[in-house]
Amino acid sequence: MYTSISDGIEGAPDGGDARERAFDERLDRALKIEPPDWMPDAYRKTLTRQISQHAHSEIVGMLPEGNWITRAPSLQRKVILLAKVQDEAGHGLYLYGAAESLGTSRDELVLALLSGKAKYSSIFNYPTLTWADVGAIGWLVDGAAIINQIPITRCSYGPYARAMVRICKEESFHQRQGFDIMWTLAHGTAEQHAMAQDALDRWWWPSVMMFGPPDSESTHNVQSLRWKIKLFTNDELRTKFIDQTVPQAEQLGLAIPDPDLRWNDETKHYDIGPIDWDEFYRVIGGNGPCNKDRLQARVDAWEDGAWVREAAAEHARKHGSDAA
Ligand code: FAQ
């Protein structure tokens, strides 16, 4: 049976401290924190920040690939891409639900995105210029997302951890479909191979940056690790991604665009060349190639959808919330 942290503690003379101890103990025992539980304000705040940014990323992340639905090269590719983009919408909805369970309404979360206050993943501020970009996103971006998200299935906040289980299953299908597109192009005509290589050239470094700033510059790493919101640091996950992806590029017969990339027999990891962190900070500061278009698309969708929200609210008002 689930026992809340607050059970038997509320009203005790040292209630605050006891609750904090109970919270820490729960983390130490790898038990989940659930919505009704007492939690430190800063834990609630950083979880709301991370989960809502994650939700926004899923929703904004529909745009670059959505751009190719009408131009997919076959009916089968189109059906698969449609399903993938719809999956991303579903991920956004589970994640908004998990963030709302911390006490901030969906409207507040969405308005923070639309006003430019809340962040979403840097990766979705790059354009999809060719069909190969759809393959590169599935292979690299979903591949990176899986590496980042599998540990989150074990994070301390129950609703976030549980949402991640289903999301990760769907992301692995996405990664496979992206690799399949890259495989077909890489083994196609010389022009198709060149298109696949060009997509890898443009998506490689932004995918490496997706894991966030280097550990030395990460604001939240230390505290989020302590609270088990993160289970690995940004650099640890980045290294995992590189070690896993380089052999896949070799299988595809494509070259990673990094002249300094070398296997290091001592560390048992790849060494890589310098990452252009100026570019990363430019993009998360709102000045990437597509930031303005991406945000405008979400603002337009919000405004165009106003009548749906109003109709739903009116229906609920007339017939009770159960009928909404
Ligand atoms: N982009 O202190 P840290 C997907 C910000 S889902 C933008 O290290 P933290 C699925 C960070 O917010 C992709 N901003 O931060 C898909 C902070 O600023 P703040 C999204 C970034 O949170 C596939 C500042 O830099 N996944 O791809 C980024 O501890 C295909 C300092 O950084 C998630 O959100 C960035 N890349 O670690 C969908 C996973 N990195 O908030 C469609 C969950 C950092 O203080 C198609 N999130 N910043 O103003 C996480 O694991 C973490 O939030 C990190 C960042 C690891 C992303």
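Each remark here, short or long, concerns the structure printed above.
Right, let's walk through the structure included here. If you're wondering where the values come from, they're calculated on a predicted model, not measured in any experiment. (Residues numbered from 1 in each chain as written. Predicted model: local features only at pLDDT ≥ 70, side-chain atom pairs only at ≥ 80, totals over all residues. Heavy atoms only, no water.)

1. Overview of the overall build of the protein
1) Next: Secondary structure summary: the protein contains 13 helices and 2 strands in total.
2) Next: Rg of the C-alpha trace for the protein: 21 Å, near the compact-globule value of 20 Å for 324 residues, within the 12% margin.
3) Next: In the protein, buried positions account for 48% of the 324 residues.
4) Next: Of the accessible surface of the protein, which amounts to about 16,200 Å², a share of 55% is contributed by carbon and sulfur atoms.
5) Next: For the protein, the separation between the mean place of its 35 positive charges and that of its 47 negative charges on side chains is 3 Å. (Helix = DSSP H or I, 4+ residues; strand = E, 2+ residues; numbered from the N terminus. Rg over C-alpha atoms; globule rule 2.2 N^0.38 Å. Buried < 20%, exposed > 50% of the residue type's maximum accessible area, 1.4 Å probe, protein only. Areas by Shrake-Rupley, 256 points an atom, 1.4 Å probe, with all protein chains shown as cover. Lys, Arg positive; Asp, Glu negative; His and termini not counted. Charge placed at Lys NZ, Arg CZ, Asp CG, Glu CD.)

2. Brief notes about the environment of M182
1) Next: Examined against the element boundaries, M182 turns out to sit in helix α7 (residues 158-186).
2) Next: The sequence separation of M182 and L200 amounts to 18 residues, and the corresponding C-alpha distance is 9.3 Å.
3) Next: Sequence-distant contacts of M182, that is, excluding residues within four places in its chain, are made with A132, G135, A136, W139, A196, L252 and L254. (Contact = heavy atoms within 4.5 Å.)

3. A word on the site of the ligand
1) Next: Neighbouring residues of the ligand: 34 residues in total, closest K119, T219, H220, K230 and N234.
2) Next: The contact in question runs from a nitrogen atom of the ligand to an N or O atom on the backbone of S122, over 2.8 Å.
3) Next: Its free accessible area being 1,100 Å², the ligand has 91% of it covered by the protein chains.
4) Next: Comparing atom positions with the cavity grids shows the ligand to sit within the largest pocket.
5) Next: Put simply, the parts of the chain that give the shell around the ligand at least two residues each are α2 (41-60), α4 (75-100), α6 (131-149), α7 and α11 (277-287).
6) Next: No other element matches the 6 residues that α2 contributes to the shell around the ligand.
7) Next: Within the shell around the ligand, the residues separate by chemical class into 11 nonpolar, 14 polar and 9 charged. (Near = heavy atom within 4 Å. Polar contact = N/O pair within 3.5 Å; in protein donor to acceptor, adjacent residues only side chain to side chain. 1 Å grid on protein atoms, 1.4 Å probe; cavity = no way out; pocket = protein on both sides within 12 Å on 5 of 7 lines; lining within 4 Å. Sits in = over half its atoms within 2 Å of the grid points. Nonpolar A, V, L, I, M, F, W, Y, C, P; charged D, E, K, R; others polar.)

4. Here we look at the side chain of D133
1) Next: Tracing the chain through its elements places D133 in helix α6.
2) Next: Owing to a relative accessible area of 0%, D133 belongs among the buried residues under this scheme.

5. Some words on the state of the cysteines
In protein chemistry, a disulfide is the covalent bond that joins the sulfur atoms of two cysteines.
1) Next: With the rule as written, the count across this model stands at 0 disulfides.
2) Next: Unpaired in this structure, C155 has its nearest cysteine sulfur neighbour in C168, at a distance of 11 Å.
3) Next: Taking the relative accessible area as the measure of exposure, C168 reaches 8% and is therefore buried. (Disulfide = S-S within 2.5 Å.)

6. Here we look at the pattern of salt bridges
1) Next: Applying the stated criterion across every chain yields a total of 14 salt bridges.
2) Next: In this structure, E314 engages K318 in a salt bridge whose closest nitrogen and oxygen atoms are separated by 3.7 Å. You can see E314 and its partner K318 sitting in helix α13 (residues 306-319), 4 residues apart, about one turn around the helix.
3) Next: Taking relative accessible area as the criterion, K318 reaches 58% and is therefore assigned exposed.
4) Next: Bridged by salt links that share partners, the residues E65, K84, E88 and D142 form one connected network. (Salt bridge = Lys/Arg side-chain N within 4 Å of Asp/Glu carboxyl O.)

7. What to know about the packing of aromatic side chains
1) Next: As enumerated under the stated definition, the model contains 12 aromatic pairs in all.
2) Next: Measuring from centroid to centroid gives 5.4 Å for F211 and F241, while their planes differ by 45°, and the two rings are tilted. Separated by 30 residues along the polypeptide, F211 in the loop between α8 (190-209) and α9 (221-226) and F241 in helix α10 (residues 234-252) bring together distant segments of the chain. Considered together, F211 and F241 belong to a single accessibility category, that of buried residues.
3) Next: Each member of the aromatic cluster is reached from another via a ring pair, and the members are F23, W38, Y43 and W227.
4) Next: Above the plane of the ring of W68 lies R71, whose end atom (NZ or CZ) is 3.9 Å from the centre.
5) Next: In this structure, R309 is placed above the aromatic ring of W302, and the distance from its NZ or CZ to the ring centre is 3.5 Å. (Phe/Tyr/Trp six-rings, centres within 6.5 Å; stacked < 30°, edge-to-face > 60°. Lys NZ or Arg CZ within 6 Å of the ring centre and 35° of its normal.)

8. Digging into the nonpolar core
1) Next: Grouped together as the largest cluster of nonpolar side chains are 75 residues, with contacts concentrated most on Y43, I51, Y157, Y160, W203, W204 and F241.
2) Next: A per-element tally of this core places α6 first, with 10 residues. (Core = buried A, V, L, I, M, F, W, Y, C linked by side-chain atoms within 4.5 Å.)

9. Considering the environment of G116
1) Next: Relative to the assigned elements, G116 resides in the loop between α5 (106-114) and α6.
2) Next: Judged by relative accessible area, G116 falls into the partly exposed class, the value being 47%.

10. Quick word on the side chain of S52
1) Next: Here S52 is to be found in helix α2.
2) Next: Sequence-distant contacts of S52, defined by excluding residues within four places in its chain, comprise L47, A99 and L109.

11. Concerning α7
1) Next: Taking 1.5 Å per residue, 29 residues should reach 42 Å; α7 reaches 41 Å between its end C-alpha atoms and fits that length.
2) Next: At V165, α7 is deflected by roughly 25°, the largest bend along its length. (Expected span 1.5 Å × (residues − 1). Bend = angle between axes of the 7 residues up to and from the residue.)

12. Examining unusual backbone geometry
1) Next: With phi around 60°, K228 is a residue other than glycine that occupies positive phi space.
2) Next: Residue position: K228 is located in the loop between α9 and α10.
3) Next: Residue classification places K228 among the partly exposed residues on the basis of a relative accessible area of 27%.
4) Next: A positive phi angle, close to 65°, is found at K268, a residue other than glycine.
5) Next: As for its placement among the helices and strands, K268 is situated in the loop between β1 (262-264) and β2 (269-271).
6) Next: Since its relative accessible area comes to 48%, K268 is described here as partly exposed.

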